[in-house]
Amino acid sequence: MARTFIEKIAQKMRIIPDLDRERSSGSTGELRKYPSPDDWHDHVELDAQEWPKMVEKRYSLVPTTCFNCESACGMLAYVDKETGEVSKFEGNPHHPGSRGRNCAKGPATINQINDTERILYPLKRVGKRGEGKWQRIYWDQALDEISSKIRASLKTEAKDRVVYHVGRPGNEGYVERVLKAWGVDGHNSHTNICSSGARTGYSLWHKHDRPSPDHSNAKVILLTSSHLETGHYFNPHAQRILEGMIDGAKLIVIDPRLSNTASMADHWLPTWPGSESALFLAWAKMILERDLYDRDFLENWVNWEDWLNADHPDEPCTFERFISLLLEEYEEYTPEFAASECRIPVEQVIEAGEAVANAGSRLSTHVWRSAAIGNLGGWQVSRTLHLLNVLTGSVGTEGGTSPNSWSKFSPELFDEPGDPDGWNELHFPPEYTLAHYEMSHILPHLIRDGRGEIDVYFTRVFNPVWTYPDGFSWMRMLEDEDSIGCHIALTPTWNETAFFADYVLPMGHASERHDINSYATSAGKWVAFRQPVLREFARREGKDVEFTSEVNPGEVWEEDEFWNELSWRIDDGTMGIREHFMSPYREGEKITIDEYYRYTFERVPGLSEAAAEEGLDALGYMRKHGAFLIEEATYSKHEQEGWPTPSGKQEFYSQTMVEFGYPEHAIPHYRIHSHVHPDNLQGEDEYCLLPNFRLPQHIHSRSANAKWLVEIGHRNPIWIHPKDATKLGVSEGDLLKIETEIGWFVDKVWVTEGIKPGVIGCSHHIGRWRRSQDQGNRFLSNEVQIEDIGEGKQRMRTVSGISPWKSDDPDTNRIWWRDGGVHQNITHAVQPDPISGAHCWLQKVRLSRPSKEEKYGDVEVDTEKSFQYYKRWNEMAKARETHPRGERRPMWMKRPLSPKKKHWYIED
Ligand code: SF4
């Protein structure tokens, strides 16, 4: 390309290099996509900071995986060989899921590890819990004190009083194995505020509880979610959706909010929250009426005969009669009915429905969070969505939707302790017979109701005080030492829950820890290795490292090694725990972390062979490449494996639902109206608050210290349609008071046509806080004051917003934003779905102009009201509690950590 006049002068004056000369001499070479892994330990780049001088910098590129959402995209850490520090993160092109690409949160890992406020040393509280006073202790002390508390609890023979409560898991089976070694039914998760609604719907069909859509090869991509851009498989799915669209696929997005994804869609259907099942059933009817169903798949792989035998015993049990009876059953689901429930034009129902009906085996569908976790009966959304895949025969096909477990690798572990000998009723209370995961969001209420206590409670990368609904009830529970004997927060960074801990133990970020990852991000199956990059760098440089804490900043450790050491110390020689932590390679000696991963990787199909071709062993291959593709594609596995349900087929008809007291939900239907259905709102004075969409730049608890991400997103205004804004007399930036069932908050409005009239939105992120006695996250947290105003009422007021401060990082002094948003989740009542157990996030709210005393960011909650409100929802489950054959829950359904079979019976 010809140089401009200015460039020529600049070249002559040597302000910029002589690019023409360099090109002709070949000294800069061609642009390269990525260096070969063989060169990763000696990679040379020009130092951008030195421009225009050509100064070379030498790096060791170490693969690891991102930990900022579940996708576990591949990253390459650029370790500066001169300083031994990580300079930046880029994508790992050899990772089959992410293929070299990351979203903004991946490279921002560098902000997290360089956060000047991160927790660098183990801390123990002094003073009262929550008072904010801490003393630095050594790991030895922490291990000794915590292990003795666990030992004391285990010696009582209780199996439910030592609990590990996880936010972002990020590993495969590590801690579940540890808990089994301790013999406790002590696994709790965040899943019931996240995905368990959708999981229940999928599980009823085929036990597998998540979908794996093959977007790249689809003809129609149907998304019931804003979640694509904000969490689950964001980057891996986004790139495959674009591939599908480039090849001509149509994108349909169902969302009351114009998400980034919806803005790219061929059809955006802003349905009324909770009406999605009516839409899917109308489309199911269209497929049936037009004979566009896949007869072969339906006839052979679906338990249609069970339905006829149960509900139509006098009818001939023929496939033809099944179809005609199904059409009669679904008669009411006309396009007009769907249009009226969804509050969208009927033409839109028909137009998008025609695309779905004609997709054949190339219909890729997905629902994550959103509608399935928002509504009473939200599990029906995935149940009816999957019906479309079943009817079109797009289950397990190229371009269709497969069960996620087909594409997920399950590691073989070096030692499998027996199942726990007990059942934790605080996690799986008997009335929630079909709860797909632990009832974690009602834990404070169950404890307040006298249904149990906890001796030792680990919160690990988990921040319920802020993330969950009804956070004041969490604070109240955590402050009570009779309810929670000891609280240990395992976290890389400060959070609102860690403020109420007894011990805060610093754990590594993505590049400072080991994990195995495998997720169904595409049609193939892969395994990836999250490794502490400075440990691998040290190994490449010929240095021995015993524990990852030796190379991490301060005394930041990693959980894997922590669990091993803690387990070793719990056992006083009489408890049989140590035998589960012995090296599989060295008789009678404690396992090392390298041995743990060596054992698993040696058993990954095809990995050792691929490694041998490079003269490596399996662990060496994973250290070098960071990921391995096990299978290119995992289609049609049911043809060999069948379906793991009681009938061995896709369960259109669920005998399980009948037996567990819900016969009206035996087949997919639209029989539960959401708690935010217009019939359940009081006219136009009540609105539906959509609080569960996320911002693409943020994760729940660990991005408030990532300066690049915070600079992009740091506010959470109320999305309101112009019609509603006019009705309420508010305009852009005005304050609005949002009253929930248990309290209220004051936020600013953003007037936009990107939200459905009658619905208001507020992003699930933002509104982080700290009190004057707390520390950390100053890029994104407001300083607040919390007051007990009597009779169970709590008030939170913003004392000051975001402001710059001086530190070793000059950027902390350059912060230009002042508004840290509003903590809305804390004003939400818990709403446990009686069937799936999922928290129904959507809230019925009233809107008004705040009084003069009510300021931006103010929050008030009545915790007495919240307890009573919980009781009302809990009654819905109690009213239907039934245990066929004495089973606590269906024996064939999954549990994350399964106790011995005898405990699955209510009278064990
Ligand atoms: S999509 Fe998730 S795993 Fe991938 S880079 Fe973004 S945050 Fe990290």
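Conventions we followed
Residues numbered from 1 in each chain as written. Predicted model: local features only at pLDDT ≥ 70, side-chain atom pairs only at ≥ 80, totals over all residues. Heavy atoms only, no water. Helix = DSSP H or I, 4+ residues; strand = E, 2+ residues; numbered from the N terminus. Rg over C-alpha atoms; globule rule 2.2 N^0.38 Å. Buried < 20%, exposed > 50% of the residue type's maximum accessible area, 1.4 Å probe, protein only. Contact = heavy atoms within 4.5 Å. Near = heavy atom within 4 Å. Nonpolar A, V, L, I, M, F, W, Y, C, P; charged D, E, K, R; others polar. Expected span 1.5 Å × (residues − 1). Pairing = 2+ DSSP bridges. Axes fitted to C-alpha atoms, helices over the stretch in contact; angles between N-to-C directions. Parallel < 35°, antiparallel > 145°, perpendicular 65-115°, else oblique. Core = buried A, V, L, I, M, F, W, Y, C linked by side-chain atoms within 4.5 Å. Salt bridge = Lys/Arg side-chain N within 4 Å of Asp/Glu carboxyl O. Left-handed = near helix turned anticlockwise from the far one by under 90°. pLDDT = per-residue confidence, 0-100.

Engineer: Run through the overall build of the protein chain, naming residues and quoting values.
Structural biologist: Along the backbone of the protein chain there are 29 helices and 30 strands. For the protein chain, the C-alpha radius of gyration of 28 Å lies close to 29 Å, the compact-globule estimate for 908 residues. With the C-alpha coordinates aligned to their principal axes, the bounding extent of the protein chain is approximately 85 × 70 × 70 Å. Buried residues in the protein chain amount to 63% of all 908 residues. Within the protein chain, counting contacts between residues at least 6 apart in sequence, those at least 24 apart form 72% of the total.

Engineer: Any details on the site of the ligand? Residues and values, ideally.
Structural biologist: Taken together, Cys66, Asn68, Cys69, Ser71, Ala72, Cys73, Asn102, Cys103, Lys105, Gly106 and Asn235 are the residues near the ligand. Here the shell around the ligand is composed, by residue class, of five nonpolar, five polar and one charged.

Engineer: Talk me through helix 14 (residues 346–357); I want residue IDs and the actual numbers.
Structural biologist: The end-to-end C-alpha distance of helix 14, which contains 12 residues, comes to 16 Å, matching closely the 16 Å that a straight helix rising 1.5 Å per residue would cover. Burial in helix 14 covers these residues: Gln348, Val349, Ala352, Gly353, Ala355, Val356 and Ala357.

Engineer: Got a sec to walk through the sheet that holds strand 19 (residues 525–530)? Specific residues and values, please.
Structural biologist: Hydrogen bonding along the main chain pairs the strands of a sheet, whether they run parallel or antiparallel. Strand order in the open sheet made by the three strands is 18-19-20, with antiparallel pairing throughout. The outermost strands of the open sheet, each flanked by one partner alone, are strand 18 (515–517) and strand 20 (627–631). On average, adjacent strands in this sheet sit at an angle of 20 degrees to one another, irrespective of strand direction. Of the strand pairs in this sheet, strand 19 and strand 20 are connected by four bridges, and their pairing is antiparallel. Residue pairing in the sheet places Val527 in a bridge with Phe628 of strand 20. In the packing of helix 22 (residues 593–602) onto the sheet, the strands contacted are strand 18 and strand 19, and the crossing angle to strand 18 comes to about 20 degrees.

Engineer: Give me the lowdown on the packing of helix 5 (residues 174–182) against helix 21 (residues 559–570), citing residues and values where you can.
Structural biologist: Packing of helix 5 against helix 21 brings their axes to within 11 Å, and their N-to-C directions diverge by 5 degrees. Our classification of the angle between helix 5 and helix 21 gives roughly parallel. In contact with Tyr174, Val175, Val178 and Trp182 of helix 5, helix 21 contributes Asp560, Trp563, Asn564, Leu566, Ser567 and Ile570.

Engineer: Residue-level account of the pairing of strand 28 (residues 793–800), with values.
Structural biologist: Pairing analysis gives seven bridges linking strand 27 (residues 781–790) to strand 28, with the strands arranged antiparallel. When the sheet's bridge partners are listed, Gly790 is paired in strand 28 with Lys793. Hairpin connection between strand 27 and strand 28: a loop of two residues separates the two successive antiparallel strands, and Glu791 in this loop has a positive phi of roughly 55 degrees.

Engineer: Lay out helix 12 (residues 319–329) in plain terms, naming residues and giving numbers.
Structural biologist: Among all positions in helix 12, only Phe319, Phe322, Ile323, Leu325 and Leu326 are buried. Where helix 12 is buried, its residues contact helix 9 (276–289), helix 10 (295–301) and helix 11 (304–311).

Engineer: Residue-level account of the nonpolar core, with values.
Structural biologist: Counting 76 residues, the largest nonpolar core has Tyr457 and Ile760 as the members making the most contacts within it. If near-sequence neighbours (up to four positions away) are discounted, Tyr457 is found in contact with Val163, His165, Leu443, Phe462, Trp474, Leu478, Ile484, Cys486, His487 and Ile488. Trp205, Leu269, Ala278 and Leu388 belong to the second-largest nonpolar core, a separate cluster that totals 61 residues.

Engineer: Describe the pattern of salt bridges, naming the residues involved and giving the relevant values.
Structural biologist: On inspection of all chains with the given rule, the structure shows 76 salt bridges. One salt bridge connects Arg586 with Glu595, and the closest N-O pair in it is separated by 2.6 Å. Residue Glu595 is classed as buried on the basis of its relative accessible area, which comes to 10%. Between Arg885 and Glu659 there is a salt bridge whose closest N-O contact spans 2.7 Å.

Engineer: Outline the sheet that holds strand 3 (residues 74–80), listing residues and values.
Structural biologist: In spatial order, the strands read 1-2-3-4; together these four strands make up an open sheet with antiparallel pairing. Bordering the open sheet on either side are strand 1 (43–46) and strand 4 (86–91), each of which pairs with just one other strand. Averaged over all pairs of adjacent strands, the angle between their axes in this sheet comes to 40 degrees, without regard to strand direction. In this sheet, strand 3 lies alongside strand 2 (residues 56–65) in antiparallel orientation, the contact comprising seven bridges. By the bridge assignment for strand 3, Pro63 is matched with Leu76. Where helix 20 (residues 533–540) meets the sheet, it contacts strand 2, strand 3 and strand 4, and its direction lies at approximately 125 degrees from that of strand 2.

Engineer: I'd love a proper account of the environment of Ser703, names of residues and values included.
Structural biologist: Mapped onto the fold, Ser703 is located in the loop between strand 21 (686–690) and helix 27 (707–712). C-alpha of Ser703 to C-alpha of Lys105: the two residues are 598 residues apart in sequence and 8.2 Å apart in space. Discounting residues that sit within four places of it in the chain, Ser703 has contacts with Gln112, Gln697, His698, Leu709 and Val710.

Engineer: Help me get a handle on the packing of helix 9 against helix 14, residues and values and all.
Structural biologist: Each pair of packed helices gets described by two things: the angle between the helix axes and the distance between those axes. Running from N to C, helix 9 and helix 14 point in directions that differ by 60 degrees, and their axes come no closer than 9 Å. Overall, the two elements helix 9 and helix 14 adopt an arrangement that is oblique. Both helix 9 and helix 14 take part in a crossing whose hand is right-handed. Between helix 9 and helix 14, the contacting residues are Leu279, Trp283, Met286 and Ile287 on the first element and Val349, Ile350, Ala352, Gly353, Glu354, Val356 and Ala357 on the second. For the contact of helix 9 with helix 14, the residue count by class is nine nonpolar, one polar and one charged.

Engineer: I'd like a description of the confidence of the model for the protein chain, backed by residues and values.
Structural biologist: This prediction gives the protein chain a mean pLDDT of 95; 96% of its residues lie at or above 70. For the stretch residues 21–29, pLDDT sits under 50, and the model shows six contacts to residues farther than four places along the chain or on other chains.

Engineer: Go over unusual backbone geometry with me, naming the residues and quoting the values.
Structural biologist: Residue Pro52 follows Trp51 across a cis peptide bond; omega there is 10 degrees. For Asp470, which is not glycine, the phi torsion reads 60 degrees and is therefore positive. Relative to the helices and strands, Asp470 is located in the loop between helix 18 (464–467) and helix 19 (471–479).

Engineer: Any chance you could break down the environment of Lys865 for me, citing the residues and the numbers?
Structural biologist: Within the secondary structure, Lys865 sits in helix 29 (residues 863–879). Taking C-alpha positions, Lys865 is 8.4 Å from Gly792, a pair spaced 73 residues apart along the chain. Setting aside its immediate chain neighbours within four residues, Lys865 contacts Glu741 and Ile742.

Engineer: Requested: an account of the side chain of Ser549, with residues and values cited.
Structural biologist: Mapped onto the fold, Ser549 is located in the loop between helix 20 and helix 21. According to the relative accessible area criterion, Ser549 is buried, its value standing at 18%. Here Ser549 is in contact with Gly554, Val556, Trp557 and Glu561, once residues within four sequence places are set aside.

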